[in-house]
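Below, each chain spelled out in residue letters.
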Amino acid sequence: MSSEKLFSYQKFAWLFLLLSFLVPQLVCAQYTEYDVKAVYLEKFTRFIDWPGESTVSDTSKPFILGVVGRNPFGPILENIYSSQKIKNKEVKIIHISNPNKISGCHLLFVSKSEKNKLTKILSQTKNKPILTIGDTKGFADRGVLINFYLSYDKTRFKINETAVRESGLYMSHLLFNLAKIVNPAGGKK
Amino acid sequence: MNFIKNLTIRNKLIFIILTVIILTLGVGFTIIIINNIISFKEELANASVMQANVIGEYCITPLAFQDDEGAQKVLAKLQNIPSLLYSRIYNDNGEEFASFGVIDEDGDRPLPGNWTLTEFAGNRLHVFQPIEYHDQRYGAIYLLVSTELLDQRIKNYLFTMLLLLIGLMLLSYFIARKLQDIISRPILELAGVTGKISKEGDYSVRVEKKGEDEIGSLYDGFNNMLEQISKREMERDKAEKALIEIKEQYRMLAEQAGQMMYDYNIGTDKIAWSGDIRTITGCTPGEFQKVDISEWEKLIHSDDRKAALTLLDEAMKKCSNYHVEYRFKQKDGMYLYVEDNGLFLADEKGNAYQMLGIMKDITERKQAEDELRKSENQYKYLYRMVRLMCDNLPDLIWTKDLENRFIFTNKACCEQLLNAKDTDEPIGKTDMYFANREKESHPENPDYHTFGAKCTGSDLAVLKSKKPKRTDEFGNVKGEFLYLDVYKAPFFDKKGCMIGTVGCAKDITKEKHLEEEHKQAKEKLRKSEIKYKTLYDSSMDAIMILTMEQGYISGNSASVKMF
């Protein structure tokens, strides 16, 4: 075997290694963690019904999706929900910095930046049909209804069952079946 | 189905009842079994669809949140269902999302177009159901279900039904066997009585009626029939006895009358002979029984054989009566004249199969006929002779019946009186027929024919008195006077019955003319005598008549006065 031919084989091997490394990275790069979470926000609403007194049932009014604290989604939410409806309603995304202004929201994503203000925020949402969602460790235990966590690089979520009951929202058992239950309504599970 | 005909009534009834039951049960069971098997399959299909829907519901959120492990866990819970072989979840793009169990490629099915399918194939059930929530499709679920349990259930069910069917049939058989007695027993009793009657011929037995149903009526009818049969039996016995007597009498009569009877079997050509065989054939009855149809033909005289056989063939073809006379050879070689009268019997197709007949010895009759023939010839000869004699006589001769119609006339009668063209013409006609014919032939001359009226009167007088009579009959015939001296007498047959008159007449016209002339001459003489007597008596002169022997005989008045 000549050295010239050997060179061409080595060159082909390097190229193969490079492609096998890059292609999965490129594919994975299509959906980021917050892309998934942004989509999941709408999917949660499919299994949750808001009580009659909530404006969710009023189709003339938009579905208010609030993000309190630093927005981890960037433009993702706007990109997705400019065309995607929630509960068959137009989606209005609001960014909230003042916890006192969260009462009009139907869904409130509590950013990690609000870790210290969480008690105050939850005091605003307590016993109100506001679906609170977070992605910070311990938020579910503290009273956020749904809290994302990563398990083997897959986005999973916990549900605070007691908080869900107190909020007045009706959440399908199907959602409970998939989630890890925190603070169960009937005691420790 | 012919074997049914030979079954006993008991077995027939059981057979009929069982046939009806088996058919109805068979049809009923078949419908029920098919219906239930379909139900079992539908049940399994519905249960599998329900399972698919329940499992699919639990997979909604794993599908919504891309939790294939969660879906896998849900599917894993299905391992407790033994009939479930394999399960698979598809995402909303129709791609496999999760699966559980093992499936061979041959058994796998692609996702159907509308994502819904329930299909039995072999011993597998394929179920596809879409997974939907609030009108949103999340994917589909596929369950591959084994039908072994279903097959086992169907087998058990079929076995149970078969046992039930056999049980019901056995129960039906025992019930039918028991119940058929209600109908068969009276009929069998009736059959037993009938058998006894046919065996022993005892028509005095009667069956005891047990109910008022159709069999009761049958019993009544049977008893009534036996009553009638008994009566008819007695009447038949009487009739048979009478028939036997008549047969015996007839046989004796036939023998006495010299008749021989035969029964000819056309199929075998054999003839059974009876009656007075010995007289006709000269053989003993035993000897003559050997004579069949061909032997019989040989015994016919050769001159008569052809005609006898031709007539026999014609009668056989037409199945008509056979009547022929022929000469029949006796044992000693002599021939008898026999009259053979036969009758052919035909089957339903019209073909003769038997002939019955009588052969009668008519030799004497034939001889008598010969004698008669000879006698007739003699009579004819005599007649011709009498006819010749009568026709050559100048006198008129005739014979008339009771109606005054001529039976016989001689030539003189025809020519001189009747003016007939020959002696045959007057036969059957009367005097008046010819008298009128003669008158009509000369209407211009009423005196052309005046003879006849007196004839009829004298005929009637003879018929009335039944005694001979002599008359003078006269009148004009052919314009000339005819005077006949007629003798008529009644005509009797052998038994003394008057059957007509016979007559003869003599033409005495010339004699009558002479007599008339003599009479006239005599009258003239008498008148002359009277005249001379007057002169004699009135004469003044004495006139005396004297003879030589007697002297004075007479004298007139003048002579008397003189002396």
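Residues numbered from 1 in each chain as written. Chains lettered and ligands numbered in written order. Predicted model: local features only at pLDDT ≥ 70, side-chain atom pairs only at ≥ 80, totals over all residues. Heavy atoms only, no water.

A. Quick look at the confidence of the model for chain B. Across chain B, pLDDT averages 88, with 99% of residues at or above 70. Interface predicted TM-score (ipTM) for the complex: 0.78; the corresponding pTM is 0.49. (pLDDT = per-residue confidence, 0-100.)

B. Structural view of the interface of chain A and chain B. If you look at the interface, chain A gives 14 residues, while chain B gives 15 residues. Around 1,400 Å² of area is buried between chain A and chain B when both sides are counted, 57% of it from carbon and sulfur atoms. Looking only at chain A, the three residues that lose the most surface to chain B are Arg46(A), Leu174(A) and Leu178(A), adding up to 41% of its buried area. The interface formed by chain A and chain B holds two salt bridges in total. (Contact = heavy atoms within 4.5 Å. Buried area = accessible area lost by both parts, 1.4 Å probe. Salt bridge = Lys/Arg side-chain N within 4 Å of Asp/Glu carboxyl O.)

C. Broad picture of the sheet that holds strand 10 (residues 352–361) of chain B. Residue and element names in this part refer to chain B. Read from one edge of the open sheet, five strands run 7-6-10-9-8, paired in antiparallel fashion. Unpaired on one side and paired on the other, strand 7 (270–275) and strand 8 (321–329) mark the two borders of the sheet. On average, each strand axis in the sheet is tilted by 25° relative to the strand beside it, whichever way the strands run. Note: strand 6 (residues 259–265) against strand 10, seven bridges, orientation antiparallel. For Tyr262, the partnering residue across the bridge sits in strand 10 and is Gly357. Its contacts with the sheet place helix 6 (residues 214–256) against strand 6, strand 7 and strand 10, and it is angled at close to 115° to strand 6. Taken strand by strand, helix 11 (residues 363–392) contacts strand 8, strand 9 (335–346) and strand 10, and its axis lies near 120° from that of strand 9. (Pairing = 2+ DSSP bridges. Helix = DSSP H or I, 4+ residues; strand = E, 2+ residues; numbered from the N terminus. Axes fitted to C-alpha atoms, helices over the stretch in contact; angles between N-to-C directions.)

D. A look at the packing of aromatic side chains. All names here are of chain A. For the structure on display, the rule yields 28 aromatic pairs over all chains. Seen in terms of ring centroids, Phe44 and Phe148 are 5.5 Å apart; in terms of plane orientation they differ by 40°. Their pairing is tilted. Of this pair, Phe44 sits in helix 2 (residues 33–46) while Phe148 sits in strand 6 (residues 146–151); the two residues are 104 residues apart in sequence, bridging distant segments of the chain. The exposure classification of Phe44 matches that of Phe148, with both residues buried. (Phe/Tyr/Trp six-rings, centres within 6.5 Å; stacked < 30°, edge-to-face > 60°. Buried < 20%, exposed > 50% of the residue type's maximum accessible area, 1.4 Å probe, protein only.)

E. Spatial organisation of the pairing of strand 2 (residues 96–101) of chain B. In this structure, strand 1 (residues 84–91) of chain B lies alongside strand 2 of chain B, joined through five bridges in antiparallel fashion. Bridge assignment links Ser87(B) to a residue of strand 2 of chain B, and that residue is Phe100(B).

F. Seen up close, a nonpolar patch on the surface. All names here are of chain B. A surface patch of nonpolar side chains, about 470 Å² in accessible area, is lined by Leu171, Ile175, Leu179, Ile182 and Ile183. Examined against the element boundaries, Leu179 turns out to sit in helix 5 (residues 148–200). Looking at Leu179, the relative accessible area reads 46%, which means it is partly exposed. (Patch = residues over 30% accessible without salt bridge, like charges linked within 9 Å, V, L, I, M, F, W, Y side chains within 5 Å. Areas by Shrake-Rupley, 256 points an atom, 1.4 Å probe, with all protein chains shown as cover.)

G. Inspection of the sheet that holds strand 4 (residues 124–133) of chain B at higher detail. All names here are of chain B. Taken together, five strands build an open sheet; the order of strands is 2-1-5-4-3 and the sheet is antiparallel. Each of the sheet's edge strands pairs with one partner strand only, and the pair in question is strand 2 and strand 3 (117–121). Geometrically, the sheet is characterised by an average inter-axis angle of 15° between neighbouring strands, direction not taken into account. Strand direction decides the pairing type here: strand 3 and strand 4, joined by five bridges, are antiparallel. Directly across from Ala121, in strand 4, lies its bridge partner Arg124. Strands in contact with helix 2 (residues 9–58) are strand 3, strand 4 and strand 5 (136–146); relative to strand 4, the strand with the most contacts, it is inclined by about 35°.

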